[in-house]
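Read off the chains here:
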Amino acid sequence: MLRVIGKRLALLVPTLFGLSLLLFFWVRSLPGGPATALLGERATPERIAEVNAAYGFDRPIVEQYVTYMGRLLSGDFGVSIETGRPVLEEFALRFPATIELAIVALIFAIGVGIPLGYIAAKYYGKAADHVSVVVSLIGITIPVFFLAFILKWVFAVQLGWFPPDGRQDSRIDATHVTGFWVLDGILTGEFDAAWDAFMHLILPGLALGTIPLAIIVRITRASVLEVSGADYVRTARAKGVMERTIRDRFVLRNALLPVVTTIGLQVGLLISGAVLTETVFAFSGIGRFLSQAIFSRDFPVLQGFILFIAIIYALINLIVDLSYSLIDPRVRVQ
Amino acid sequence: MFTSNHRRRGMFAAASGVAIAALLTGCVQSDRDDASSDDVDSTFVFAASSDPATLDPAFASDGESFRVARQIFEGLVGVEPGTADPAPLLAESWEQSADGLSYTFALKEGVTFHDGTDFNAEAVCYNFDRWYNFTGVAQSPSAGYYYNSLFRGYADSPEDAVYESCTPGDSETEVTVTLAKPFAGFIAALSLPAFAMQSPEALEEFGADDLTGSDEAVSITEYGQSHPVGTGPFVFDSWEVGSQLELSAYDEYWGDQGDVQQIVFRVIDDPQARRQSLEAGSIDGYDLVGPADTVALEEDGYQIVARDPFTILYLGMNQAVPELQDVRVRQAITMAIDKQQLIDQTLPEGTELATQFIPPVVAGYNEDVTTYDYDPEAARALLADAGYPDGFTLQFNYPTGVSRPYMPTPEEVFTNISAQLTEIGITIDPQPNAWSPDYLDRIQGGENHGIHLLGWTGDYNDTDNFVGVFFGAEKPEFGFDNPELFAALDEARAVSDLDEQLPLYEDINETIAEFIPAVPLAHPAPSLAFAERVESYPVSPVNDEVYNLIELAE
């Protein structure tokens, strides 16, 4: 097991190396060069020369690359053009928020999606199946920002059940340790702050989790249907194995493999969905920061973000692969 | 300086819903009360559209930074409430020397900075000398924008500098600032937060001038990040980047402390989200309410407050386009537009019709300027005269995805004006561009544009800040070369006496009205929306709104 993890982590190195190489050339191939991208099209040649000198864009390409890699390796991702703070510091400020949000969204998507998909398959062709198919179709087609607005309007503005914006009520003075505010509240014993931070996660979490939920329902349904028709299920049933055991050990366990793969792939979707959700709920996560960075051509931020996401993605896929061996003993043997 | 918002509230809250809501939120509500105990009513939560760029106003030029800075800092000169005129603040009075170059200020006594140090003549000189001695990145327009553009030169380039020296007087409360060149707008300019007085001790301790980075990516200093120290009614508490910024009342404040004991600026960048937050009660107010929202919010019992317009929205005409070089064509376009109809349909309540490029409260406003009344028939005749009896095709550039105080909904303004121009036979070629960075680049950077929408929000009462910015030099935006106009603007700016300046600007406004480089459309009034408990808000045309003057109901 450890060897598998080690091997996979080692594979991450060439991936990131290749990506950083791509990014290096991407920045240098922006129309008119990076200085023009930064200054806009009406920059004077003198200003462009100044910026090129300041960023080292006028140095030989090999020298630039060595400097660039040296900085990356020492953890220097540069300074955000918009905020004047180091890129890593900005990420550290905002990433925990998005992770908290993504966890809530995933719990919602998995916790509701798998049972719903199972029920649909079990009552295949019946009303429950039709309902879940329609619900998941709506979930996939509804734009995230629209859903976010509707959720907010109904549950925050009209009903007042949940807070409409931010990560914490502005009147609560909470101590922050880790950047994960729910966790912070629990660690410091400020349970009201933890509860308040949690309440702030519900609506954006639902909005963000809806598309993954819909996809999980569909995959679970299809997979359970397929497994339910398998010979070993029929054999088990013929042997008189209890219906509950059939469900848990024969059907669900085998049906979960494709579902877990799908969940791993959803993480990318969560990040892109977070851009819109975080904007609607004024939630200070990485998504909202990223959308601002795109509009302001803040390329140190974009560059750092892409590398960051690549690492996250690779790690998630590693976890997914490892979970296969937990679910499916055959993988372990191989 | 800039930014804004729509939607209707329904009758969704059914009785059952309310009952469940009460049950479910019971615990949240009580938590909230515990956490904030008895100061619930004295916390004022305002939605900001973004984080401030920095808390050091000397290095800021954006509206959100200034909004915060106005609570923490005060300048020598303030603003007469409700107007754009300068008024005493930290300086109780001032005198100008006979040559117009020296100003002697009598400072308010007994004022202290938030760190306990005294505000006195030395502190004033420290600040002036600090700005004058900016070096490197601090001199770039993206850092010290206002000092750079108004005082022009620094200690290492004294030949350009407007500032010369600052000398403490005989007493602690007397100080003389001497300029190297006449600057009629000097006193008015000092009302900008960029020239607010900051604590010399704190500036030094927290490295306020240790800017690094390049001209484009100016780093934020420790001072600008978490240690701003001024003399204003509110003290900096905390800043959670991306979420909120908190200030609390300064106990030793020399003036009236007012109802607000704590200010929270909550960052909500989406205009729609700001409105929903107000409706859900998580904020007490927000700025730049969309015209469509004002009506709906007012009906629901929210307070809408409109600033006196200190803005101009205009239709620019690029004279690089051959047809637009003929003044008759420009006249025809002017006469084709029914400005009142445009205002009624697309701009917020309180908007005034524009006849020139400065709002009426600005010095040099010419009551008798030539105007062109709406007359599509005459416009058609003028076009025929100019050799276009069947009209011609004209590019119309407008920005998308943006709200400005002077233009909350550019798309609507575009649709309205296009329809009117089509009436007189001009074929419109619509050219939308995303505001940032494409639109401004296209309009201000190159020749490829026809007529376009743009405007301006004034910073303080200075005529040059409007007409000088637009028409002071040959620019790709308007594509004309009018040396007499440029010279007249240069001359007016150099006059140090406001009374002498006035007739010059009145003449300039008439010259512009006859030359028609653009059509002045309207002076839109930016609006704010507040929860019912906000009884009064110190609204100001130049955004000089300090929250100790807010009155809150119990």
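Just so you know, these numbers come straight off a predicted model, no measurement behind them.

(A) Examining the packing of helix α7 (residues 144-158) of chain A against helix α8 (residues 271-280) of chain B more closely. Interaxial distance between α7 of chain A and α8 of chain B falls to 9 Å at its minimum, and their mutual angle equals 15°. In terms of their interaxial angle, α7 of chain A and α8 of chain B are classed as roughly parallel. Viewed along their axes, α7 of chain A and α8 of chain B form a crossing whose handedness is right-handed. Of α8 of chain B, the residues touching α7 of chain A (which contributes F149, K152, W153, A156 and V157 of chain A) are Q272, A273, Q276, S277, E279 and A280 of chain B.

(B) Here's a closer look at the pattern of salt bridges. Taken as a whole and judged by the stated rule, the model has 25 salt bridges over all chains. In this structure, R234 of chain A engages D231 of chain A in a salt bridge whose closest nitrogen and oxygen atoms are separated by 3.9 Å. Of the two residues, R234 of chain A and D231 of chain A are both situated in helix α10 (residues 231-239); the distance of three residues between them amounts to about one turn of the helix. Across the pair R275 of chain B and D293 of chain B runs a salt bridge whose closest N-O atoms are separated by 2.7 Å. One end of the pair, R275 of chain B, is in helix α8; the other, D293 of chain B, is in helix α9 (residues 291-299), with 18 residues separating them in the sequence. Of the residues examined, D293 of chain B reaches a relative accessible area of 0% and is grouped as buried. Salt bridges linked by common partners bring E64, R67, D287, R307 and E545 of chain B together as one network.

(C) How the structure looks around the side chain of S199 of chain B. Residues and elements named next belong to chain B. For S199, the location among the structural elements is in the loop between α5 (186-189) and α6 (200-205). Separated by 2.6 Å, the side chains of S199 and D115 make a polar contact. If we skip the residues at most four places from it in the chain, S199 touches F113, D115, T117, Y223 and V229.

(D) Layout of the sheet that holds strand β8 (residues 234-240) of chain B. All names here are of chain B. With mixed pairing, the seven strands of this open sheet are ordered in space as β8-β9-β10-β1-β11-β19-β12. This sheet does not close on itself; its edge strands, each paired only once, are β8 and β12 (303-306). Here the average twist between neighbouring strands, direction ignored, is 20°. In this sheet, strand β19 (residues 527-530) lies alongside β12 in antiparallel orientation, the contact comprising four bridges. Each residue of the ladder has a partner; that of V305, found in β19, is L528.

(E) Main features of the domain arrangement of chain B. Residues and elements named next belong to chain B. For chain B, the assigned domains read domain 1 (1-43 + 243-248 + 268-306 + 529-554), domain 2 (52-240) and domain 3 (311-523). Placing a centre on the C-alpha atoms of domain 2 and another on those of domain 3 gives a separation of 34 Å. Taken together, the contact pairs 15 residues of domain 2 with 10 residues of domain 3. By the criterion of area lost to domain 3, the three top residues of domain 2 are A84, P182 and A184, representing 41% of everything that side buries. There are zero salt bridges connecting domain 2 and domain 3. The set of elements that each furnish at least two residues to the side of domain 2 that touches domain 3 consists of α4 (145-151) and α5. Class assignment for the residues of the side of domain 2 that touches domain 3 results in nine nonpolar, four polar and two charged.

(F) Region of the structure containing the state of the cysteines. Residue and element names in this part refer to chain B. Taken as a whole and assessed by the stated rule, the structure comprises one disulfide over all chains. Disulfide partner of C125: C166, at an S-S distance of 2.0 Å. Taking the torsion about the S-S bond as the criterion, the C125 to C166 disulfide, at about -75°, is left-handed. Pair noted here: C125 is in helix α3 (residues 121-132) and C166 is in strand β6 (residues 163-168), with a separation of 41 residues, a long-range link. Residue C125 shares its accessibility class with C166, and that shared class is buried.

(G) Spotlight on the sheet that holds strand β7 (residues 174-179) of chain B. All names here are of chain B. In space, the four strands of this open sheet follow the order β4-β5-β7-β6, with antiparallel pairing throughout. At either margin of the open sheet sits one strand with a lone partner, and together these are β4 (91-96) and β6. With strand direction ignored, the average angle separating the axes of adjacent strands in the sheet is 20°. The sheet contact formed by strand β5 (residues 102-107) and β7 spans five bridges and is antiparallel.

(H) Spotlight on the confidence of the model for chain B. Residue and element names in this part refer to chain B. Per-residue confidence for chain B gives a mean pLDDT of 86, with 91% of residues at or over 70. Every residue in residues 1-40 scores below 50 in pLDDT, and together they form 79 contacts with partners more than four places removed in sequence or on other chains. Two numbers describe this predicted complex: its pTM, 0.80, and its ipTM, 0.76.

(I) Spotlight on the pairing of strand β15 (residues 393-400) of chain B. Residues and elements named next belong to chain B. Among the eight residues that make up β15, six are buried, leaving the element largely enclosed by the rest of the structure. Bridging between β15 and strand β16 (residues 427-434) involves eight bridges; their strand directions are parallel. Of the residues in β16, the one forming a bridge with L394 is I428. In terms of strand pairing, β15 meets strand β17 (residues 451-457) through two bridges, oriented parallel. Paired with N397 across the bridge in β17 is H452.

(J) Examining the environment of P193 of chain B more closely. Residues and elements named next belong to chain B. The residue P193 is located in the loop between α5 and α6 in this model. A residue is classified by how much of its surface remains accessible, and P193, at 6% relative accessible area, is buried. Spatially, the C-alpha atom of P193 lies 20 Å from that of V469, the residues being 276 residues apart in sequence. Leave out the neighbours within four places in its chain, and P193 touches P57, F66, A69 and R70.

(K) Region of interest: the nonpolar core. All names here are of chain B. Formed by 83 residues in total, the largest nonpolar core has its most connected members in L76, F105, F119, F128, F151, F186 and F195. The element that contributes the greatest number of residues to this core is α3, accounting for seven residues. Shared between two domains, this core takes at least three residues from each, and those domains are domain 1 (1-43 + 243-248 + 268-306 + 529-554) and domain 2 (52-240). Beyond its immediate sequence surroundings of up to four residues, F119 is in contact with L76, L90, L107, K108, V111, T112, F113, V124, M197 and T231.

(L) Representation of helix α6 (residues 127-141) of chain A in the model. Residues and elements named next belong to chain A. The end-to-end C-alpha separation of α6 is 21 Å, in line with the 21 Å expected for 15 residues at 1.5 Å each. D129, S132, S136 and G139 are the residues of α6 that are buried. Taken down its axis, α6 places every buried residue within 95° of arc, on the same side. More than 90 degrees from the buried face of α6, the exposed residues found are A127, V131 and T141. Looking at the buried residues of α6, the elements they touch are α5 (87-122) and α9 (191-228).

(M) Examining unusual backbone geometry more closely. Residues and elements named next belong to chain B. Positive phi outside glycine occurs at L288, with the angle close to 55°. Summarising the element assignment, L288 is placed in the loop between β11 (285-287) and α9. Look at I516: it is not a glycine, yet its phi comes out positive at around 50°. Relative to the assigned elements, I516 resides in the loop between α17 (498-515) and β18 (518-523). Using a relative accessible area of 3% as the deciding quantity, one classes I516 as buried.

(N) Representation of the environment of D99 of chain B. Residue and element names in this part refer to chain B. In this structure, D99 sits in the loop between β4 and β5. When its relative accessible area of 54% is taken as the criterion, D99 is described as exposed. Here the alpha-carbon distance between D99 and P182, two residues 83 residues apart in the chain, equals 8.8 Å. In terms of polar contacts, D99 uses its side chain to reach the side chain of S97, at 2.4 Å. Here L101 takes part through its backbone nitrogen, which lies 3.0 Å from a polar atom of the side chain of D99.

Conventions and cut-offs
- Each chain has its residues counted from 1, running along the sequence as written.
- Starting at A for chains and at 1 for ligands, labels are handed out in the order in which the entities are written.
- Totals for whole chains, interfaces and linings use all residues, but because this is a predicted model, local features are given only for residues with pLDDT of at least 70 and pairs of side-chain atoms are given and counted only at 80 or more.
- Hydrogens are left out, water is left out, and the side-chain values use all remaining heavy atoms of the structure.
- Helix axes use the C-alpha atoms of the stretch in contact, all axes being lines fitted to C-alpha atoms, and the angles between their N-to-C directions lie in the range 0 to 180 degrees.
- Labels follow the DSSP assignment, with helices taken as runs of H or I lasting at least four residues and strands as runs of E lasting at least two, numbered in each case from the N terminus.
- If an angle is under 35 degrees, it is roughly parallel; if it is over 145, roughly antiparallel; if it lies from 65 to 115, roughly perpendicular; otherwise it is oblique.
- In this scheme, a crossing is called left-handed if the near helix is turned counterclockwise away from the far one by less than a right angle; it is called right-handed if the turn is clockwise.
- Whether two residues are in contact is decided by their heavy atoms, any of which lying within 4.5 Å being enough.
- What counts as a salt bridge is simple: a side-chain nitrogen of Lys or Arg found within 4 Å of a carboxyl oxygen of Asp or Glu.
- Here's how the labels work: a residue is buried when its accessible area is under 20% of the maximum for its type, exposed when over 50%, partly exposed in between, all with a 1.4 Å probe on protein chains only.
- Polar contacts, as counted here, are pairs of nitrogen or oxygen atoms within 3.5 Å of one another; within protein the pair requires one atom able to donate a hydrogen and one able to accept it, and residues that are adjacent in sequence qualify only if both atoms are side-chain atoms.
- Paired strands are those between which DSSP finds at least two bridges.
- Just so you know, the domain bounds were taken from an automatic or database domain assignment.
- Once two parts are joined, some of their accessible surface, as seen by a 1.4 Å probe, is lost; buried area is that loss totalled over both.
- Polar here means any residue other than Ala, Val, Leu, Ile, Met, Phe, Trp, Tyr, Cys and Pro, which are nonpolar, and Asp, Glu, Lys and Arg, which are charged; Gly is therefore polar.
- To count as a disulfide, a pair of cysteine sulfur atoms needs to be within 2.5 Å.
- Every residue carries a pLDDT, the predictor's confidence in it, which falls somewhere between 0 and 100.
- Only buried Ala, Val, Leu, Ile, Met, Phe, Trp, Tyr and Cys residues count toward a nonpolar core, and they belong to the same one when joined by side-chain atoms within 4.5 Å.
- By this rule, a helix spans an expected 1.5 Å times one less than how many residues it contains.
- When we speak of the arc, we mean the arc of directions from the helix axis to the C-beta atoms.

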